[in-house]
Amino acid sequence: MSYNIAVDGPAGAGKSTIARAVAKKLNIIYVDTGAMYRGMGLYMLRRGIDPEDGQAVVAHCQEADITLGYENGTQVVYLNGENVNAYIRTEEVGTVTSRISVLPPVRERITALQQELAASTDCIMDGRDIGTCVLPHADVKIYLTASSAVRARRRYDELTAKGQLCDLAQIQADMEERDYRDMHREVSPLRQAQDAVLVDSSDMTPEQVIERILELCEKRD
Ligand code: DC
């Protein structure tokens, strides 16, 4: 049986930074499920498919073959064989992705791949529905969150550090809209699993959050 840690939470809560660091400490694989959904979002964007047109998205989602690989310990998302890591991190792709990920056929395809991965390897997986739907029997479940003001500020700092011009208020508004959609969709909405531990990182450093998660993992050993 493989060892699985599930981390869920809203956009910008620091899930990927934290999960990547915990994976390194525990020498297990980090699976960024948002990146897989983003690969699908990118496909729709490139094809010019309206994310609000559910029928069109469902009709075309079978054409997008999303797979994961690891190059020098880094997760790589392949879209029909192309490494698309460089294109999936934009706010535009994030928004399209949040819209198309409400559709059950999109989720079914990606969930099956995630479950296969988790069954075959020890991993820490982050996303929106990992503890509730994808890995309901995960060994450790964390719900990582922070206030929307703190999350928006972190995203703003990240983007400006990359030299991108952006507007803090707009980022916060987009994030709140995305949270609402992720939390209120009919299928697999973002919510804390009953047996997940809530970690609010608003006033915590990344190191403190990592330490807290490692403690929770030790308790379960
Ligand atoms: O974590 P992220 O910001 O990279 O995720 C992008 C979008 O993908 C997010 O708004 C909702 C969707 N997503 C999802 O529906 N289920 C997941 N397990 C992960 C992401």
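The shown structure was predicted, so the numbers you read here are calculated from the model rather than taken from an experiment. (Residues numbered from 1 in each chain as written. Predicted model: local features only at pLDDT ≥ 70, side-chain atom pairs only at ≥ 80, totals over all residues. Heavy atoms only, no water.)

Peer 1: Would you mind going over the sheet that holds strand 6 (residues 123–127) with me for this structure?
Peer 2: Adjacent strands of a sheet form backbone hydrogen bonds with each other and so pair up, either parallel or antiparallel. Spatially, 2-6-1-7-8 is the arrangement adopted by the five strands of the open sheet, whose pairing is parallel. Of all strands in the sheet, those bounded by a partner on one side alone are strand 2 (29–32) and strand 8 (197–200). Strand-to-strand, the axes of this sheet are offset by a mean angle of 20 degrees, without reference to chain direction. Pairing analysis gives four bridges linking strand 1 (residues 4–8) to strand 7 (residues 140–145), with the strands arranged parallel. (Pairing = 2+ DSSP bridges. Helix = DSSP H or I, 4+ residues; strand = E, 2+ residues; numbered from the N terminus. Axes fitted to C-alpha atoms, helices over the stretch in contact; angles between N-to-C directions.)

Peer 1: How do you make sense of the site of the ligand when you look at a structure like this?
Peer 2: Arg38, Arg107, Arg128, Arg178 and Arg185 are the nearest of the 15 residues found near the ligand. Side-chain polar atom of Arg107 to an oxygen atom of the ligand: 2.8 Å apart, as the coordinates give it. At 2.8 Å, a side-chain N or O of Arg128 approaches an oxygen atom of the ligand. Summarising the interface, the protein chains cover 96% of the accessible area of the ligand, which totals 440 Å² for the free molecule. If you list the elements that add at least two residues to the shell around the ligand, you get helix 2 (33–47), helix 4 (91–100) and helix 8 (168–184). The greatest single-element share of the shell around the ligand, amounting to four residues, is contributed by helix 2. Of the residues that constitute the shell around the ligand, the class distribution is two nonpolar, six polar and seven charged. (Near = heavy atom within 4 Å. Polar contact = N/O pair within 3.5 Å; in protein donor to acceptor, adjacent residues only side chain to side chain. Areas by Shrake-Rupley, 256 points an atom, 1.4 Å probe, with all protein chains shown as cover. Nonpolar A, V, L, I, M, F, W, Y, C, P; charged D, E, K, R; others polar.)

Peer 1: Before we go on, may I ask you to explain the packing of helix 7 (residues 148–161) against helix 8 in this structure?
Peer 2: Two measures define how a pair of helices packs: the angle their axes make with one another and the distance between the axes. Running from N to C, helix 7 and helix 8 point in directions that differ by 125 degrees, and their axes come no closer than 9 Å. On the basis of the axis angle, helix 7 is oblique to helix 8. The chirality of how helix 7 crosses helix 8 is right-handed. Across the interface between the two elements, Ser148, Ala149, Arg151, Ala152, Arg153, Arg155, Tyr156 and Leu159 from helix 7 touch Leu168, Ile171, Gln172, Met175, Glu176, Arg178 and Asp179 from helix 8. Broken down by class, the residue content of the contact of helix 7 with helix 8 amounts to seven nonpolar, two polar and six charged. (Parallel < 35°, antiparallel > 145°, perpendicular 65-115°, else oblique. Left-handed = near helix turned anticlockwise from the far one by under 90°. Contact = heavy atoms within 4.5 Å.)

Peer 1: Help me out: how do you make sense of helix 1 (residues 15–26) in this one?
Peer 2: Within an α-helix, residues lying three or four positions from one another point in the same direction, as the helix has 3.6 residues per turn. A rise of 1.5 Å per residue sets the reference length of helix 1, with its 12 residues, at 16 Å; its end C-alpha atoms lie 16 Å apart and thus fit the reference within 8%. Taken together, the buried positions of helix 1 are occupied by Lys15, Ile18, Ala19, Val22 and Ala23. In a view along the axis of helix 1, the buried residues occupy a sector of 135 degrees, so they form one face of it. Turned more than 90 degrees away from the buried face of helix 1, the exposed residues are Lys24 and Lys25. Structurally, helix 1 contributes buried residues whose contacts are with strand 1, strand 2, strand 6, strand 7 and helix 9 (206–220). Phi for Asn27, located one or two positions after helix 1, is positive at around 60 degrees. (Expected span 1.5 Å × (residues − 1). Buried < 20%, exposed > 50% of the residue type's maximum accessible area, 1.4 Å probe, protein only. Arc of directions from axis to C-beta.)

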